[in-house]
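Coordinate analysis (summary)
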Amino acid sequence: MRNNIWVTLSFLLLCLSCKQADTVQNYQLVKSGMTISFPLDNNTKPATRSLFLYTNKEGNEYLTFQELNGNKILFYNMQTRQLDFTIYPQREGNNGVGRVGGYYVHNFDSIFITPIHEVIVLIDSNAIVKDRINYKETKDGIPLFGYGAYTYQPMILLNNKLFITPMTSRRQEKRPLCVVIDLVDKSIFALDAQLPKFANTNSIHKEFGSEMNYSRCFDGNMFIYSFDYDENIYIADINHTTLRNIKAKSRYIDHVENPDDLYLTIEQSCMNPHYDNLVYDPYRQVYYRIAQPKIKWDKGTNVQEFIDYGGKNFSIIILDNNFNVVGETMFPDNTYNPRALFIREDGLYISSSHFKNPDYSDDWFVFQRFDLVKQQL
């Protein structure tokens, strides 16, 4: 009997040691020899706030992105690397949508546009308006403000329901993380999960603050939220009936401070360490969380270009499908733009079209592939 106990204990210790050994494996994103380049016209910059892959029913894959601050959505054929067509949503008139602030391509006949005010406009590939959905408040009276379907807050369509993340005011009692629009009856309702409360962000002198800066991804089962000034990520089920937080800290950031509390200038806010966007890699079943450590400001840098091209440097935290941090990769200064990336079966592609990259050319939108590699420590 005693021998059996020792055998069992030995087996458990062996399993534990194997599990511990497995968790200390270091995953890294390693630069490959593969790049993809897309030619640009003279009016299009290699930077954007909205970039998505789309595959049509015939199996043709497209890289789509919105012209920076413009009403133009470009569709590049991923096989030929050439521009197939462009959609030009009109600002005014019967088919006017206002200023485009993001989009979602369901198919070529159903493209959802998010202007900068509280409306979602459905157009086709000829930019003809098919429907307009206003969402100024939920059915129970919660005021809502503008939502942009940018790369890192994508619109999710499930069972004829749009899951969106409109802003809410600091002054509101209820501040839902997610709002759902039923496309059948056009009802608008807030899900249960509320915006987390952060210290020193309840100033009555402000309607909105930087605690509203967050990204969200959907992995097919759960929604995951990443706030700029919070070490934690937040995980919600599809209906947002539960919300749990898990620490996902960068080794390159000691702590973060909300710039609203520090009264920083724009330049100082850019230098302030913070977390950025979160994306899901379905092929490798991992999550990538971008972190931007504290930096020194380079004199002469244009602030708007700095923001548009993703800052000076960044790291990517790698989390497994149980949200364990299993690695982190630091990227070189002034080389890549983490605000322009996409994921394919062969790897993670990050834009190398950074305005301070020596190889930068505004004639090309260039993406470098990185491979997820497991290395022994």
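The structure under discussion appears in the preceding block.
Report follows, based on the coordinates. (Residues numbered from 1 in each chain as written. Predicted model: local features only at pLDDT ≥ 70, side-chain atom pairs only at ≥ 80, totals over all residues. Heavy atoms only, no water.)

On to the environment of T151, then. Structurally, T151 is set in the loop between β9 (129-134) and β10 (156-158). Given the relative accessible area of 11%, T151 is considered buried. C-alpha of T151 to C-alpha of V279: the two residues are 128 residues apart in sequence and 9.2 Å apart in space. Among residues more than four places away in sequence, those in contact with T151 are R49, S50, L51, F52 and R339. (Helix = DSSP H or I, 4+ residues; strand = E, 2+ residues; numbered from the N terminus. Buried < 20%, exposed > 50% of the residue type's maximum accessible area, 1.4 Å probe, protein only. Contact = heavy atoms within 4.5 Å.)

For N302, the position within the fold is in the loop between β19 (286-292) and α4 (303-308). N302 sits in the partly exposed class, given a relative accessible area of 38%. Placed 35 residues apart in sequence, N302 and E267 show a C-alpha to C-alpha distance of 9.6 Å. Polar contacts involving the side chain of N302 include one to the main-chain amide nitrogen of E305, which spans 2.9 Å. (Polar contact = N/O pair within 3.5 Å; in protein donor to acceptor, adjacent residues only side chain to side chain.)

It is worth spelling out the sheet that holds strand β4 (residues 73-77) at this point. Two orientations exist for strands paired in a sheet by backbone hydrogen bonds: parallel and antiparallel. Overall, antiparallel pairing links the four strands, which are arranged β2-β3-β4-β5 in an open sheet. Two strands in the sheet have a free side with no partner beyond their single neighbour: β2 (51-55) and β5 (83-87). With strand direction ignored, the average angle separating the axes of adjacent strands in the sheet is 25 degrees. Where β4 and β5 come together, four bridges link them in antiparallel fashion. Note that in β5 the partner of F75 across the bridge is F85. (Pairing = 2+ DSSP bridges. Axes fitted to C-alpha atoms, helices over the stretch in contact; angles between N-to-C directions.)

Okay, the sheet that holds strand β12 (residues 179-182) next. Across the sheet, which stays open at both edges, the four strands sit in the order β10-β11-β12-β13 with antiparallel pairing between neighbours. On the outer flanks of this sheet lie β10 and β13 (188-190), each paired with one strand and no other. Going from strand to strand, the sheet's axes swing by 25 degrees on average, the running direction of each strand aside. As defined by bridge partners, strand β11 (residues 161-164) adjoins β12 across four bridges and the pair is classed as antiparallel. Among the inter-strand pairings, K161 is bridged to a residue of β12, identified as D182.

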